[in-house]
Amino acid sequence: MREEGQKYIPNLTPEGQPRKNLILCLVLVALSVRTAVAQESEAACGPKFLLPEANGSSILILCETRNTILRFDHQREEVVAQVPTAASPFAACLHPDGKRMYVSCRRGQRIIELDVDSLETLRSFVLRGDPTGVSVSADGKRLYVAAHSLDQIVIFNLTTGLEIKRLISGNGPEAVSLQASKGQLFVTNLLSNPVSPDMPCRNEITVIDDVSARVVDRIILEGANIGRGIAFTEDGLLGITAISRPKNLVPMVQVARGWVVTNGFAVLSADRDAAPVQLLVDQPNRSYADPHDVVITPDGRKFYLSCSGADTVTAVDVGLLQKTVDEALNGHLTNYSDHLGLSRRYVVARIKVGANPQALAIDRNGHRLFVANRLDDTITVVDTVSDEVIKTIALSESVDRDRAARGERLFHSAARTFHGQFSCASCHPDDGFDGLQYDLEPDGLGENLLDNRNLRDVVGTGPFKWVGSNPDITTQCGTRTAKWIVRTGWISLSQVLDLTAYIRSIKAVVNPHRSPDDQLTLAQLRGKVLFERNSMNDGTPIPVENRCNSCHAGPRYFDGNQFDVGTKAPRDTKTEFDTAHLINIFESAPYLHDGRAATLEEIWTVHNPSGEHGVSSDWTKRQLNDLVEYLKSL
């Protein structure tokens, strides 16, 4: 008979030998736990975000691939805790009370609130819309979340857990940073705001007042795109954000002259009347592709910029930088945003790290810089005085496990392009697209401008290119890329197969316009009827070849053919263009082969005067709205 509270252990065999069997069970449990731990250490992490902890000895690492949070003791060089998250953790922030933290999960479509000490999940905020950056208001009452797919900032009441309101951001909000001394939040946006195809891009930083929770400014970075991380000095007098400066209006033949993509940062000064000063980290004969994250030392004397396509972290002396900024603002320096020779003035170190460094963090004393190398699962530790690597710590046993993993490293590396100007990811950020138009082929200056296309979920949508000349992904990524785009002849058959395997593995984002149960709204159902109609509103039959679902047919809403739909531009040499698939078309603006339609509506209201691209002349405004709602749901 057992005492109260004593755990009961039953006989495990008819012979009544519980102790021997218990020992065996404990051994088996221990072995299974050891196996599970070993499997976790072998699974890829994909470190995406770093959050230093107040104790100064550990950092929290969001692992995008493994869907976990690691508590990593960098002094002992070991993981001391690991907890699961929803899919694709992206960014994190602390609550002002220091007891709670918030983690956005892009594919998980939610933000999770965790206890900082135990890493136990306390509650979740569901948000369909690809949540990215997160920040808590200075008073701790509101949570700001960037909804990337919706171009919105969603605000939650942290007392009730309910949504308060939504604000319109720029195109694809990325990072959200609270600048407490200014009482404002700064939101970077991945892509340019809509512009005409023949105009330079215009990236936006959305500024929100923390007290009123309203947008108070939209800072425009002329000629910039791919806005990523942002950081401020503790006094708020200086802000730095990572950007790229694409030269998409220059023919691609200029790649050999260093004029396709340049890479750098924008400086936001305390004087809000002064325009942001954009500067490069590139050199005349060497580029540092894909700027991603920024951290500033606590004393404000230096900042670090991760150049993820160059496997490099760039160190910038703020004092030296300020002299160049002052010259630019005083009019003593011209064309500084595109000046490849200026970086020697303020760049004091270029630190080689691991593969695809993205997230950066600095300890509270400012002595150690931590670099998350996303594609080789390591953390590089850098001495901020000497700017030399102290050590590199592995988070998993191995990388490059298969063709797709090797292809992912090729996709995100600029090592094989001329002067390292750009990677595949430079024009296809987050495996998607940059929303710009390019003069790609050597067929005459300004001829045949083409809209960049989304790479997400492209399997089964060939042929490729807007004129359908490449039958499959392998052809698209092969010698054509080496000859006309990267200009180094770098690509081998094995690399083509690796790259193809990776592109084939890229998934579509979760569609926020589609119900989780795939049920259409009433507006979407009405739009579906219009999409599938065979007669006009007055009963006039529509020819089969001019019905929406004749060309946009099947599960991917395309037929693999090319047609003349009346969109030939004056500088186009072709009249027939590829039938675009419609999967997740909500995220692929601008539209048509040259990006001339800024919205889905414009395809028919502006660019279909003769009705060659579907019969639309009899639509009512409500019918057009319904059709757009249906298309966004696909």
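Keep in mind that what you see is a predicted model, and the values were worked out from it rather than measured. (Residues numbered from 1 in each chain as written. Predicted model: local features only at pLDDT ≥ 70, side-chain atom pairs only at ≥ 80, totals over all residues. Heavy atoms only, no water.)

A.B. asks: Sorry, what's going on with the sheet that holds strand E2 (residues 58-63) here?
C.D. replies: Hydrogen bonds along the backbone pair up the strands of a sheet, which may run parallel or antiparallel. Ordered in space as E1-E2-E3-E4, the four strands form an open sheet in which the pairing is antiparallel. In this open sheet, the two edge strands, each paired with only one partner strand, are strand E1 (47-52) and strand E4 (78-84). Averaged over all adjacent pairs, the angle separating strand axes in this sheet is 25°, with direction ignored. Where strand E3 (residues 68-73) meets E4, six bridges bridge the pair, whose relative direction is antiparallel. What sits directly across from Asp-73, in E4, is Glu-78. (Pairing = 2+ DSSP bridges. Helix = DSSP H or I, 4+ residues; strand = E, 2+ residues; numbered from the N terminus. Axes fitted to C-alpha atoms, helices over the stretch in contact; angles between N-to-C directions.)

A.B. asks: Before we go on, may I ask you to explain the confidence of the model for the chain in this structure?
C.D. replies: The predicted structure's coordinates, where accompanied by low pLDDT, should not be read in detail. Within the chain, residue pLDDT values average 89, and 89% of them lie at 70 or more. Confidence over residues 1-40 falls short of pLDDT 50; this stretch has 13 contacts with residues more than four positions distant or in other chains. (pLDDT = per-residue confidence, 0-100. Contact = heavy atoms within 4.5 Å.)

A.B. asks: What is the right way to look at the pattern of salt bridges in this model?
C.D. replies: It is possible for side chains bearing opposite charge to pair when their charged atoms get close. On inspection of all chains with the given rule, the structure shows 34 salt bridges. Note that Arg-106 and Asp-430 form a salt bridge whose closest N and O atoms lie 3.4 Å from each other. Of the two residues, Arg-106 is situated in the loop between strand E6 (100-105) and strand E7 (110-115) and Asp-430 in the loop between helix H5 (424-427) and strand E29 (437-438); the sequence distance between them amounts to 324 residues. A relative accessible area of 11% means that Arg-106 is categorised as buried. (Salt bridge = Lys/Arg side-chain N within 4 Å of Asp/Glu carboxyl O. Buried < 20%, exposed > 50% of the residue type's maximum accessible area, 1.4 Å probe, protein only.)

A.B. asks: Please clarify how the packing of helix H4 (residues 403-411) against helix H8 (residues 493-505) should be interpreted in this entry.
C.D. replies: The description of two helices packed together rests on the angle between their axes and the distance between the axes. Contact geometry for H4 and H8: axes closest at 7 Å, N-to-C directions at 95°. On the basis of their axis angle, the class for H4 and H8 is roughly perpendicular. Residue-level contacts link Arg-403, Ala-404, Arg-406, Gly-407, Glu-408, Leu-410 and Phe-411 of H4 to Ser-494, Gln-495, Leu-497, Asp-498, Leu-499, Ala-501, Tyr-502, Ile-503 and Ser-505 of H8. Per-class residue counts for the contact of H4 with H8 are eight nonpolar, four polar and four charged. (Parallel < 35°, antiparallel > 145°, perpendicular 65-115°, else oblique. Nonpolar A, V, L, I, M, F, W, Y, C, P; charged D, E, K, R; others polar.)

A.B. asks: Honestly, unusual backbone geometry in this entry has me stumped. Any pointers?
C.D. replies: Across residues other than glycine, the phi torsion is negative in most instances, and most of the peptide bonds are trans. Along the chain, Gly-462 connects to Pro-463 via a cis peptide bond; the corresponding omega equals 5°. Position of Pro-463 relative to the elements: it lies in the loop between strand E30 (450-451) and helix H6 (473-477). Here Ala-589 and Pro-590 are connected by a cis peptide whose omega angle stands at 0°. Mapped onto the fold, Pro-590 is located in the loop between strand E32 (577-578) and helix H11 (600-605). Phi is positive for Ile-226, close to 55°, though the residue is something other than glycine. With respect to the helices, strands and loops of the structure, Ile-226 is situated in the loop between strand E16 (214-222) and strand E17 (230-232). Among the residues examined, Ile-226 registers a relative accessible area of 7% and is labelled buried.

A.B. asks: I would appreciate a short explanation of empty space enclosed by the protein in the present structure.
C.D. replies: To find the voids left in a structure, one rolls a probe of water-molecule size over its atoms. Inspection of the entire model under this criterion finds three cavities of 30 Å³ or more. Reported here for the largest cavity is a volume of approximately 60 Å³. Considering the residues around the largest cavity, the lining is formed by Asn-225, Ile-226, Ser-244, Pro-246, Val-261, Ser-426, Cys-427, Asp-434 and Tyr-438. The set of elements that each furnish at least two residues to the lining of the largest cavity consists of strand E18 (238-246) and H5. (1 Å grid on protein atoms, 1.4 Å probe; cavity = no way out; pocket = protein on both sides within 12 Å on 5 of 7 lines; lining within 4 Å. Points joined across faces, edges and corners; volume = space filled by probe spheres on them.)

A.B. asks: Looking at this model, I keep getting lost on the pairing of strand E23 (residues 312-317). Mind explaining?
C.D. replies: Two faces make up the sheet, and in a regular strand the side chains alternate between them. Among the six residues of E23, five are classified as buried, and the element is accordingly described as predominantly covered. The hairpin turn running from strand E22 (residues 302-307) into E23, its antiparallel successor, is four residues long, and Asp-311 in that turn takes a positive phi close to 55°.

A.B. asks: Would you mind showing me how to read the packing of aromatic side chains here?
C.D. replies: What characterises a pair of aromatic rings is the spacing of the ring centres plus the angle enclosed by the ring planes. For the structure shown, the criterion picks out nine aromatic pairs. Residues Phe-531 and Tyr-557 carry aromatic rings whose centres are separated by 6.3 Å and whose planes lie at 75° to one another, so their mutual orientation is edge-to-face. One end of the pair, Phe-531, is in helix H9 (residues 522-531); the other, Tyr-557, is in the loop between helix H10 (548-551) and strand E31 (562-563), with 26 residues separating them in the sequence. A single burial state applies to Phe-531 and to Tyr-557, both of which are buried. Considering the side-chain rings of Phe-531 and Tyr-630, the 5.6 Å spacing of their centres and the 55° angle between planes classify their relative orientation as tilted. Pair noted here: Phe-531 is in helix H9 and Tyr-630 is in helix H12 (residues 621-633), with a separation of 99 residues, a long-range link. In this pair, the class of Phe-531 matches that of Tyr-630, namely buried. (Phe/Tyr/Trp six-rings, centres within 6.5 Å; stacked < 30°, edge-to-face > 60°.)

A.B. asks: Even after reading the chapter, I still don't get the environment of Leu-369, so can you show me in this structure?
C.D. replies: Turning to its location among the elements, Leu-369 is positioned in strand E26 (residues 368-373). Among the residues examined, Leu-369 registers a relative accessible area of 0% and is labelled buried. Residues Leu-369 and Asp-387, 18 residues apart in the sequence, show an inter-C-alpha distance of 8.9 Å. Ignoring any residue separated from it by four or fewer positions in sequence, one finds Leu-369 in contact with Val-295, Tyr-304, Val-313, Leu-360, Ala-361, Ile-362, Thr-380, Val-381, Val-382 and Thr-384.

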